[in-house]
Amino acid sequence: MRRSGLARAGLWMWVAGVLLFLFVPIITIVLFSFDASKIETWPIRSWTTHWYSVAFHDAQVRSSFLLSIKAATLATLIALLLGSLAAFGVHRARFFGRDSISLLLILPLALPGIITGVALNSAFQYVGIPLSLWTIVIGHATFCIVVVYNNVVARLRRTSSTLLEASADLGATGLQTLRYITLPTIATALVSGALLAFALSFDEVIVTTFTAGAQNTLPIWIFGAIRLGQQLPEVNAVVAFVLIIMFIPILIAARLTGSENVVRSAEPSRRT
Amino acid sequence: MTGEHPAVRLRGVVKRFGDSTAVAGVDLDVGHGEFFTLLGPSGSGKTTLLRMIAGFELPDEGLIELAGVDATAVPANARDVNTVFQDYALFPHMDVISNVGYGLMVAKVPRNERKKRSEAALDMVRLTGFESRKPAQLSGGQRQRVALARAIVNEPEVLLLDEPLGALDLKLRQEMQVELKDIQRRVGITFIYVTHDQEEALTMSDRVAVMDGGRIQQVDTPFRIYERPASEFVAGFIGVSNLLERDGRQVTVRPEKVHLVTDGETPPAGAHVEAGTVTEVVYLGMVTRYIVALDAGGNVTALRQNVETQDEDTVGLRGRRVQVAWLPEQAYEISSAG
């Protein structure tokens, strides 16, 4: 297909426009985090790393950051275990209501966070579970499981089932097949699913507001700080820092899912 | 190895999937070191039968014995049987040498011996030098060889091959047919080979079982399968065959045994002669195919080698009156049931 130079230029400008729309706000925050002035004005007159130092020494920021890391790690671990087990179950077994269960598993991701949050909150109150780190973890796990499940199920679907038969045929026990064939095949799907789950949990606000007790996770602290409006430059520094932390796992996840081609091209092309 | 028992013995094996019966009662003995082929159209039950011998499917009825030992309920990983899969099923995350050594690794064969045997197997399929390649970096024919090496390295009692050459192009397929047969002779392992390609079956096998509708129609040597088909189905499935009804009996005769007798020629002595009209002439290069409508009813196809054929002998014969002749011993009566 040939495109005229004008159409090409137009297309490029369109892409540039979309990218600007997406990234200008983020870049602005990073720039302002280095602004020495307390009031954000453009252009920035003097530069400083002062706010990073303030944020670093802020006990509230530290404890909420730590809580977020803990919650995200635990939620991710639970999601890895339950999500991959659910994926195996749905993929391997053929039973009545299998499609419904598959849908139910994916639903929490589509469900508005406010509904998940309110539902969990009243459920915890009804049963009498005090809000704590663990209630946050449970809340986050509801949607983290989906991410892992989706990743693993997609990979399993693309993996030839004769691989498992071949392994058994060559004398491998079920455990050996799991260790040498199944896990290596889904390893990158697990890692990318875990990274996405971690990122989702780390910046979650809505479900967290309903499941966190007196403690703040980092997004909740940021949310509060912005509303109070007293520490805006510090918030900018925290956000810029979080941005960098989040960027790395998402980049890795994208790379891992991109490298699946190798797995795919070795798959069978036909069957009679 | 036990000499008195066949490598594989099947008795009354039945497999149903829901309402349909894939294998409808099969009895079969496959001897040690035999190259045995299950031949049939798709849906004839040949692959299901193979999968039951491998242990991937359990029969609903019947008995499977491997070297005289009941293996009907033995799981796939405990059977002394290895499979070459139609899609090769190479492990995509492992290199060639790890793929080949997989069976030895899970059997906890020491590393040194594993390496030696894997390399020997690769050498046998002429893939030395490809040890560290990934399956995705191999051509179809090379993957096929890796799959073969991975199966024979374990020195199984029986090697099962599920249309292993199906994905290869014609030339490569013919090369691999010769090579497979050669490898089978050298390792002396019983091969059970599934194919829908009758030429492949005739070229490689010691014996062929023709399957249709979940049943074995005939088990015989390639020669007898071709020359003495036991049923209409076998006659029609193996090669091209002429089916004629004469005096209420079904008679079959192969096209290359039918002599075309034109004006001025005399039919062979003692031959059965019929008159007819040439309706179609197809020039095929090495041979020419003539279809003759017989006065006594039915059509007969005759093949003629183009040894001294002139141009007018080919297309020019269309519409001409001719005689066809075949020796009585070349025509066989068959049962129409089948």
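Everything numeric in this text was worked out from a predicted model, so none of it was measured. (Residues numbered from 1 in each chain as written. Chains lettered and ligands numbered in written order. Predicted model: local features only at pLDDT ≥ 70, side-chain atom pairs only at ≥ 80, totals over all residues. Heavy atoms only, no water.)

*Asks:* Mind showing me how you'd approach the overall build of chain B here?
*Replies:* Per the secondary structure count, chain B includes 10 helices and 18 strands. With the principal axes as the frame, chain B shows a C-alpha extent of 75 × 45 × 40 Å. By residue count, 52% of the 338 residues in chain B fall in the buried class. Long-range pairs, those at least 24 residues apart, make up 65% of the contacts in chain B between residues at least 6 apart in sequence. The positive charge centre, built from 37 side chains, and the negative charge centre, built from 47, are 6 Å apart in chain B. (Helix = DSSP H or I, 4+ residues; strand = E, 2+ residues; numbered from the N terminus. Buried < 20%, exposed > 50% of the residue type's maximum accessible area, 1.4 Å probe, protein only. Contact = heavy atoms within 4.5 Å. Lys, Arg positive; Asp, Glu negative; His and termini not counted. Charge placed at Lys NZ, Arg CZ, Asp CG, Glu CD.)

*Asks:* Would you take a moment to explain the nonpolar core for this structure?
*Replies:* One recurring pattern in soluble globular proteins is that nonpolar side chains are buried together. All names here are of chain B. Counting 39 residues, the largest nonpolar core has Val-8, Leu-10, Leu-38, Leu-49 and Ile-192 as the members making the most contacts within it. The element that contributes the greatest number of residues to this core is helix α1 (residues 46-54), accounting for 5 residues. When neighbours within four sequence positions are excluded, Leu-10 is seen to be in contact with Val-26, Asp-27, Leu-28, Asp-29, Leu-49, Ile-53, Leu-63 and Ile-64. If you look at the next biggest cluster of nonpolar residues, it comprises 32 residues, including Val-84, Ile-152, Leu-165 and Ile-183. (Core = buried A, V, L, I, M, F, W, Y, C linked by side-chain atoms within 4.5 Å.)

*Asks:* Can you walk me through the side chain of Ser-118 of chain B in this structure?
*Replies:* Residues and elements named next belong to chain B. Here Ser-118 shows up in helix α4 (residues 111-124). Residue classification places Ser-118 among the buried positions, given a relative accessible area of 2%. Filtering out sequence-adjacent residues up to four positions away, Ser-118 remains in contact with Ile-97, Val-100, Gly-101, Leu-104 and Val-153.

*Asks:* Is there a simple way to think about the confidence of the model for chain B in this case?
*Replies:* Detailed reading of predicted coordinates is not advised where the pLDDT is low. Across chain B, the average pLDDT comes to 89, with 97% of residues at or above 70. Listed scores for the predicted complex are pTM 0.76 and ipTM 0.81. (pLDDT = per-residue confidence, 0-100.)

*Asks:* I'm lost on the sheet that holds strand β18 (residues 332-333) of chain B in this one. Help?
*Replies:* Strand pairing within a sheet occurs via backbone hydrogen bonds; the two strands may be parallel or antiparallel. All names here are of chain B. Across the sheet, which stays open at both edges, the 3 strands sit in the order β11-β12-β18 with antiparallel pairing between neighbours. Both edges of this open sheet fall to β11 (242-246) and β18, since each of them pairs with a single strand only. In terms of strand pairing, strand β12 (residues 249-253) meets β18 through 2 bridges, oriented antiparallel. Counted as the bridge partner of Val-251 is Glu-333 from β18. (Pairing = 2+ DSSP bridges.)

*Asks:* What is the right way to look at the packing of aromatic side chains in this model?
*Replies:* Given two aromatic rings, their pairing is described by the distance between the two centres and the angle made by the two planes. According to the stated counting rule, one finds 10 aromatic pairs over all chains in the structure shown. Ring geometry for Phe-65 of chain A against Phe-241 of chain A: centres 5.8 Å apart, planes inclined by 50°, an arrangement best described as tilted. In this pair, Phe-65 of chain A sits in helix α3 (residues 59-92) while Phe-241 of chain A sits in helix α11 (residues 232-258), placing the two residues 176 residues apart along the sequence. Through successive ring pairs, a cluster of aromatic residues spans Phe-65, Phe-198, Phe-202 and Phe-241 of chain A. The ring of Phe-91 of chain B carries the charged tip of Arg-150 of chain B above its face, separated from the ring centre by 4.7 Å. (Phe/Tyr/Trp six-rings, centres within 6.5 Å; stacked < 30°, edge-to-face > 60°. Lys NZ or Arg CZ within 6 Å of the ring centre and 35° of its normal.)

*Asks:* Which parts of the structure should I look at to understand the domain arrangement of chain B?
*Replies:* Many structure descriptions define interface size as the accessible area lost when the parts assemble. All names here are of chain B. According to the domain assignment, chain B consists of domain 1 (8-233) and domain 2 (245-333). The gap between the C-alpha centroids of domain 1 and domain 2 is 40 Å. Between domain 1 and domain 2 the total buried area reaches about 530 Å² when both faces are included, carbon and sulfur atoms providing 36% of it. Counting the surface domain 1 buries against domain 2, the share from its top three residues, Tyr-226, Glu-227 and Pro-229, is 75%. Run the count over domain 1 and domain 2 and you get 1 salt bridge. Note that Glu-227 is salt-bridged to Lys-257, the shortest N-O span being 2.9 Å. (Domains from an automatic or database assignment. Buried area = accessible area lost by both parts, 1.4 Å probe. Salt bridge = Lys/Arg side-chain N within 4 Å of Asp/Glu carboxyl O.)

*Asks:* Before we go on, may I ask you to explain α4 of chain B in this structure?
*Replies:* An α-helix turns once every 3.6 residues. As a result, residues three or four positions apart point the same way. All names here are of chain B. With 14 residues, α4 should reach 20 Å at 1.5 Å per residue; the first-to-last C-alpha distance of 20 Å fits that figure. Within α4, the full set of buried residues consists of Arg-114, Ser-118, Ala-121 and Leu-122. End-on, the buried residues of α4 take up no more than an arc of 100°, which puts them together on one face. Residues of α4 that are exposed and angled more than 90 degrees away from the buried face: Asn-112, Lys-116 and Asp-123. As for α4, its buried residues are in contact with α2 (96-100), α3 (102-106) and α5 (140-152). Looking one or two residues beyond α4, the residue adopting positive phi is Arg-126, at roughly 55°. (Expected span 1.5 Å × (residues − 1). Arc of directions from axis to C-beta.)

*Asks:* Is there a simple way to explain the sheet that holds strand β7 (residues 158-162) of chain B in this structure?
*Replies:* Residue and element names in this part refer to chain B. The strand order β6-β7-β8-β3-β9-β10 describes an open sheet built from 6 strands, whose pairing is mixed. Looking at strand neighbours, the two that pair on one side only are β6 (81-84) and β10 (215-220), the edges of this open sheet. Sheet twist, expressed as the average angle between the axes of neighbouring strands with direction ignored, equals 20°. Bridge count between strand β3 (residues 35-39) and strand β9 (residues 207-212): 4 bridges; the pairing is parallel. The partner of Leu-39 across the bridge, within β9, is Val-210. Helix-sheet contacts for α5 involve β6 and β7, and the interaxial angle to β6 is about 180°. (Axes fitted to C-alpha atoms, helices over the stretch in contact; angles between N-to-C directions.)

*Asks:* Looking at this structure, I do not really get the packing of α3 of chain A against helix α6 (residues 133-158) of chain A. What am I missing?
*Replies:* In a pair of packed helices, the angle between the axes and the distance between the axes together describe the arrangement. Residues and elements named next belong to chain A. Contact geometry for α3 and α6: axes closest at 5 Å, N-to-C directions at 40°. Here α3 lies oblique to α6, going by the angle between them. Crossing of α3 over α6 shows right-handed handedness. Residue composition of the contact of α3 with α6, grouped by class: 24 nonpolar, 4 polar and 2 charged. (Parallel < 35°, antiparallel > 145°, perpendicular 65-115°, else oblique. Left-handed = near helix turned anticlockwise from the far one by under 90°. Nonpolar A, V, L, I, M, F, W, Y, C, P; charged D, E, K, R; others polar.)

*Asks:* Could you clarify how one ought to interpret the pairing of strand β17 (residues 321-326) of chain B in this entry?
*Replies:* Remember that side chains alternate between the two faces of the sheet whenever the strand is regular. All names here are of chain B. Direction of pairing for strand β13 (residues 259-261) relative to β17: antiparallel, over a ladder of 3 bridges. When the bridges of β17 are listed, Val-261 appears paired with Gln-323. Bridge analysis of strand β14 (residues 272-283) against β17 gives 6 bridges, and the strand direction is antiparallel. Of the residues in β17, the one forming a bridge with His-272 is Trp-326.

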